[in-house]
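Listed here are the chains, written in short residue letters.
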Amino acid sequence: MTTTEKPRRRKAPWPIEFYRSDVGKKWVMALSGIALLAYVLVHMLGNLHLYEGFDEAAGVFAIDEYGEFLRDILEPIFPRTVFLWILRVGLTLAFVIHIHAAYSLWLKNKRARPEDYESRRDYVAAKFASRTMVLSGSVILAFLIWHLADLTWGVPVVNGEFERGEVYANVVASFSRPLVSIWYIIANLLLGLHIYHGAWSLFQSLGINNPRYNHWRRNFAIAFAAVVTAGNVSFPIAVMTGLVA
């Protein structure tokens, strides 16, 4: 090797080399997106126990009982809460890698076309949801941290009335504050926009893109985003209107 030749970079394991490519990042975004979409749907459906109120037979609020069920998943195969923590770690990894892949692709596109759109017409022509993915994603990240501090970690400065294990009471205490409810509603509307674009584009990222059934993709994305958003937004509204108290 002469002094002018650059040393060859040693190849990383195949999964890492695949992820370094644009195609790999898109696949990772799609697969992690599927996991996150499944989570937000299941999370919303589980929270519907809020509307069941107090279970006279069990002597506990239905959503509190649901919270205990989550802690006991696969017990005694796993000790209490262990499987729940496995799910939490998996979701955290999916979330982190989803953000990293999205940011990497956005940054590469930004460098490839650093100039802003030259005309208003060009700007309007771009899809609104895709143009706001970075903004909505940033707001969702901030909302997620707040949500965890509010109703999972019970940080006193965020929710001073938090009581561990009292899911129903914690939700009512949190959403009884109008500004908090408004913040939740705005964040979940942006989450719905993000979900719509993500549910639509993940098929394309996986190579499933054909004009014959693209309308089914769009209908699925709209329906999925609408169901999750409607369910999530209903919780603060129910507390503010006294339906849940």
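Anything mentioned here points back to the structure above.
Since this is a predicted model, take the numbers as computed values, not measurements.

Focus on the packing of aromatic side chains
For the structure on display, the rule yields 10 aromatic pairs. Ring centres of F203 and F220 lie 5.9 Å apart, and the angle between their planes is 85°; on these two criteria the pair is classed as edge-to-face. Of this pair, F203 sits in helix α9 (residues 178-205) while F220 sits in helix α10 (residues 214-240), and the two are 17 residues apart along the sequence. Taking the relative accessible area as the measure of exposure, F220 reaches 34% and is therefore partly exposed. For the pair F220 and F224, a centre-to-centre distance of 5.7 Å together with 50° between the ring planes defines the contact as tilted. Highlighted residues: F220 and F224, both in helix α10, separated by 4 residues, approximately one helical turn. Of the aromatic side chains, those joined through ring pairs into one cluster are F143, F175, W183 and Y184. Sitting over the face of the ring of Y19, K25 holds its NZ or CZ atom 4.9 Å from the ring centroid. Here the basic side chain of R88 rests over the ring of W85, its NZ or CZ set 4.6 Å away from the ring centre.

Here's the deal with unusual backbone geometry
Here the amide bond leading from E75 into P76 is cis, since omega sits at 15°, within 30 degrees of zero. Note on placement: P76 falls in the loop between α3 (62-71) and α4 (82-112). Despite not being glycine, T81 shows a phi value in the positive range, around 75°. In this fold, T81 is placed in the loop between α3 and α4. Judged by its relative accessible area of 23%, T81 is partly exposed.

Here is what the cut-offs are and how they apply
Residues numbered from 1 in each chain as written. Predicted model: local features only at pLDDT ≥ 70, side-chain atom pairs only at ≥ 80, totals over all residues. Heavy atoms only, no water. Phe/Tyr/Trp six-rings, centres within 6.5 Å; stacked < 30°, edge-to-face > 60°. Helix = DSSP H or I, 4+ residues; strand = E, 2+ residues; numbered from the N terminus. Buried < 20%, exposed > 50% of the residue type's maximum accessible area, 1.4 Å probe, protein only. Lys NZ or Arg CZ within 6 Å of the ring centre and 35° of its normal.

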